[in-house]
Amino acid sequence: VNEPRAELVGRSGEMVNAFDASRIDDLAPRTRSMIQRRRKVLGPAYRLQYANPVEFVRGEGVWLYDVDGRQVLDAYNNVPSVGHCHPHVVEAIRRQAATLNTNTRYLDAKVLDYAEALLATHDEALDNVMFTCTGSEANDLALRVARYHTRAEGVIISRHAYHGVTASAAAISPSLGRHVPLGREVRAIGLPFGMTGYAAAAWMAKEVSGAIADLERHGIQLAAFIVDTLFASDGILADPRGFLAPAVEAVHAASGLFIADEVQPGFGRTGEAMWGYQRHGVKPDIAVMGKPMGNGMPIAGMAARSRILERFGSETRYFNTFGGNSVSIAAAAAVLDVMHDEDLISRARVVGLELRSRIEAAVYGRIEFGELRGAGLYLGLDMRGDGTRDATQLATEFVNSMRNHGVLISATGVQGETLKIRPPLVFRDEHVEIFMAAFSSAMNDIVQ
Ligand SMILES: Cc1ncc(COP(=O)(O)O)c(C=O)c1O
C-alpha cells in the first residue's frame, strides 16, 4: 500500500481533472471562445477544471448558477465554507469597505478583537497570530520563522504534499510535479494508507525518524515537519485518529518544529474540532490557516507560540500590505459569527456522517470502488481499475459525469484516483439527497 507510485502530475505538469485542450472542438461556441480568449491573455500555467469547463455567474449557499441559468450543487469548494455569498459576511464586507480599509500599521480594535477570538479557538500554547493574504504566504512565513528559530534548514513533508506557490512553498510541494524541484534540504515521507491502530502511528514515526537521520547524514539539521493534517493532496488520510502523535514527538526530540498546515482541515471541516491537529491530539508550534478563513476574501495567517516568534520579531520586521486589512478582517470575523450561530462544526459532523454512510451503501460490493476515507465534510473515495480503464481514468470520468449531472466534485491523490468530496459546511440532508441522485446517475454512466 505504501509503495511509491508513478506520479500523474509529474509526467506532464498536468492537474488532476484538468480540461484537456485537445477536446476544445467538442465544446459549445461560447465556452470555446472564452477558452480562446483566456489563452490569449492569461499566462499558460493556469488550468481549467472539467472536460467541459464551467462558467458561473452567481452563487448562493451550496448552489452555483452557470451562464445558462443552470443550478449546480457545490460539493467541492471549501473556500465559501459558510456558503456562497453568505448575507452576514457580504454585509460585513460592504459595511467595512464603506467605512475604512487600512492595514496593520495602525491601531485597530477590530483586528485585535478578531485575533483574540481566533486564538481562543486554538490550543492555548498558540498565543500569537500574524496575518497574510494567502495560504502560500502563511506557509512561506512559517518556514522563515521555523528556520530562524531553530537556526536549521531541513524540512520534512508528505510524499504528495501541496503547500502553495511561493518559491519556498513550491519547494515543499511535490504534488506540483517533477518540473518543480524540491529543495535539497527537503525530505518527503510516505503515509500509512491502509494501516490501522498503533501500527499506523509507529510507521509514521519511523518514516519521520528515517528522514531526520537522512538529513543529518547530509549535514542538515531539522527545522520543521509540516503536514496538512488531512493529507488532502496525498489522497485524504484522516484515520486512525492520533497517528501523527509519535511522529511529532520524534520531531520535537530532534529540536524541530511541527507546523500544522490547516488550510484544508481548518475552520471545522472535520466536523470534530475547529482544527485538524486537535483531532490528532497533537500540539503544533505553528498552525497555518487560509482558504475558508474569509469565505472568499483573501485572508490567511499563522498562529504560533510567541516564544518561537521572539527573535524573528525583534531582529526582523514583517509588514504585509493587504494581510489583515480592515475589510478582510471584517469578513473573517463574520465567518466566525456564522460558524457559531449556525453550529457549523456539529452540522459538518452530522451531515458528513450521513453523506458517508449513503456513499458507503451505494458502492457496497462494487469492485470499481475502494476505500472511503475522511472526516466530517471532507471525503475521499478511491476508485479501482476495472480491467479496461485504470483508476485514474475512472475517477476522471466519474467526476465529469457528476458535473454533467449538476454536482461539483473533483479528484485527488498521487495518481488522481481518489474522488474528492468537500462541500461547503452549510450542506444539509436535502443536499445529500441531490448529491446521491447524481452519484447514482454517474455510477450508471461509468461503471455499469
Ligand atoms: C494544504 C494547503 N496549503 C496551502 C495552500 C496554499 O494556499 P493559497 O492557494 O491560499 O496560497 C493550499 C491551497 O490549495 C493548500 O491546500
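Residues numbered from 1 in each chain as written. Predicted model: local features only at pLDDT ≥ 70, side-chain atom pairs only at ≥ 80, totals over all residues. Heavy atoms only, no water.

1. Some thoughts on the pattern of salt bridges
Rules: Note on definitions: salt bridges are taken to be side-chain nitrogens of Lys or Arg within 4 Å of carboxyl oxygens of Asp or Glu. Numbering of helices and strands runs from the N terminus; a helix is a DSSP stretch of H or I covering at least four residues, while a strand is a stretch of E covering at least two. Three exposure classes are used, based on accessible area relative to the maximum for each residue type with a 1.4 Å probe and protein chains only: buried under 20%, partly exposed in between, and exposed over 50%.
Here the structure, examined in full by the defined rule, presents 22 salt bridges. A salt bridge links Arg-147 to Glu-185; its shortest N-O distance comes to 3.3 Å. Residue Arg-147 is located in helix 5 (residues 135-150), and its partner Glu-185 is located in the loop between helix 6 (167-170) and strand 6 (186-189); the two are separated by 38 residues in the primary sequence. The class of Glu-185 is partly exposed, set by a relative accessible area of 21%. Through salt bridges with shared partners, a single ionic network connects Asp-239, Arg-241, Glu-272 and Arg-279.

2. Some words on the packing of helix 3 (residues 87-97) against helix 11 (residues 326-341)
As a reminder, the rule being used: Between N-to-C directions, angles cover 0 to 180 degrees, with each direction set by a line fitted to C-alpha atoms, over the stretch in contact for helices. Any angle between 65 and 115 degrees counts as roughly perpendicular, while under 35 counts as roughly parallel, over 145 as roughly antiparallel, and the rest as oblique. Left-handed describes a crossing in which the near helix is turned anticlockwise from the far one by less than a right angle; the clockwise case is right-handed. Any two residues whose heavy atoms approach within 4.5 Å at even a single point are treated as in contact. Amino acids are sorted into nonpolar (Ala, Val, Leu, Ile, Met, Phe, Trp, Tyr, Cys and Pro), charged (Asp, Glu, Lys and Arg) and polar (every other residue, Gly among them).
Where helix 3 meets helix 11, the closest approach of the two axes is 8 Å, and the angle between their N-to-C directions is 155°. Considering their axes alone, helix 3 and helix 11 lie roughly antiparallel with respect to each other. Two packed elements cross with a definite hand, and for helix 3 against helix 11 that hand is right-handed. Seen from helix 3, the contacting residues are His-88, Val-89, Ala-92, Ile-93, Gln-96 and Ala-97; seen from helix 11, they are Ser-326, Val-327, Ala-330, Ala-331, Ala-334, Val-335, Asp-337 and Val-338. Residues that form the contact of helix 3 with helix 11 fall into these classes: 10 nonpolar, three polar and one charged.

3. A closer look at the pairing of strand 11 (residues 369-375)
To be explicit about the condition: Any two strands are treated as partners once DSSP identifies two or more bridges connecting them.
Buried residues dominate strand 11, accounting for six of its seven residues. Taking the residues between adjacent antiparallel strands as the criterion, strand 11 and strand 12 (residues 378-383) are bridged by two residues, where Gly-376 takes a positive phi near 55°.

4. Re the sheet that holds strand 4 (residues 128-132)
Spatially, the seven strands line up as an open sheet ordered 4-10-9-8-7-5-6, and their pairing is mixed. In this open sheet, the two strands that pair with only one neighbour each are strand 4 and strand 6. Recorded for the sheet is a direction-independent mean angle of 20° between the axes of neighbouring strands. One ladder, built from five bridges, connects strand 4 with strand 10 (residues 300-304); its direction is antiparallel. Paired with Met-130 across the bridge in strand 10 is Met-302. Together, strand 4, strand 9 (286-289) and strand 10 form the strand contacts of helix 4 (residues 109-119), whose direction differs from that of strand 4 by roughly 120°. Its contacts with the sheet place helix 5 against strand 4, strand 5 (154-158), strand 7 (222-228), strand 8 (257-261), strand 9 and strand 10, and it is angled at close to 165° to strand 9.

5. Things to note about the sheet that holds strand 11
Here four strands make up an open sheet; going across it, the order is 11-12-15-14 and the pairing antiparallel. The open sheet is flanked by strand 11 and strand 14 (410-412), the only strands paired with a single partner. Between one strand and the next, the sheet's axes are offset by a mean angle of 30°, whatever the strand orientation. Bridging between strand 14 and strand 15 (residues 418-421) involves three bridges; their strand directions are antiparallel. Bridging across to strand 15, Thr-412 finds its partner in Thr-418. Those strands touched by helix 12 (residues 344-363) are strand 11, strand 12 and strand 15, and its axis lies near 175° from that of strand 11.

6. Points about helix 11
For clarity, the cut-off: In this scheme, a helix's expected span is set at 1.5 Å multiplied by one less than its residue total. Think of a polar contact as two N or O atoms within 3.5 Å of one another; within protein, one of them needs to be a possible hydrogen donor and the other a possible acceptor, and neighboring residues in sequence only count if both atoms come from side chains.
The first and last C-alpha atoms of helix 11 sit 22 Å apart over 16 residues, in line with the 22 Å expected at 1.5 Å per residue. Along helix 11, the residues that are buried comprise Ser-326, Val-327, Ser-328, Ile-329, Ala-330, Ala-331, Ala-332, Ala-334, Val-335, Leu-336, Val-338 and Met-339. Contacts made by the buried residues of helix 11 are with helix 3, helix 4, strand 4 and helix 12. Near the N-terminus of helix 11, the side chain that reaches the backbone nitrogen of Val-327, with its oxygen 2.9 Å away, is that of Asn-325. Phi turns positive one or two residues past the end of helix 11, at Asp-343, with a value near 50°.

7. Focus: the nonpolar core
Formally: Among buried residues, the Ala, Val, Leu, Ile, Met, Phe, Trp, Tyr and Cys ones that are joined through side-chain atoms within 4.5 Å form a nonpolar core.
Ranked by internal contacts, the top residues of the largest apolar core, which has 100 residues, are Phe-225, Ile-359, Phe-398, Phe-435 and Phe-439. In terms of residue count, helix 14 (residues 429-447) provides more of this core than any other element does, nine residues in total. For Ile-359, the contacting residues outside a window of four places in its chain are Leu-372, Leu-379, Leu-381, Ile-421, Phe-435, Met-436 and Phe-439. Of all hydrophobic cores here, the second largest spans 24 residues; its members include Ala-161, Ile-259, Leu-309 and Phe-312.

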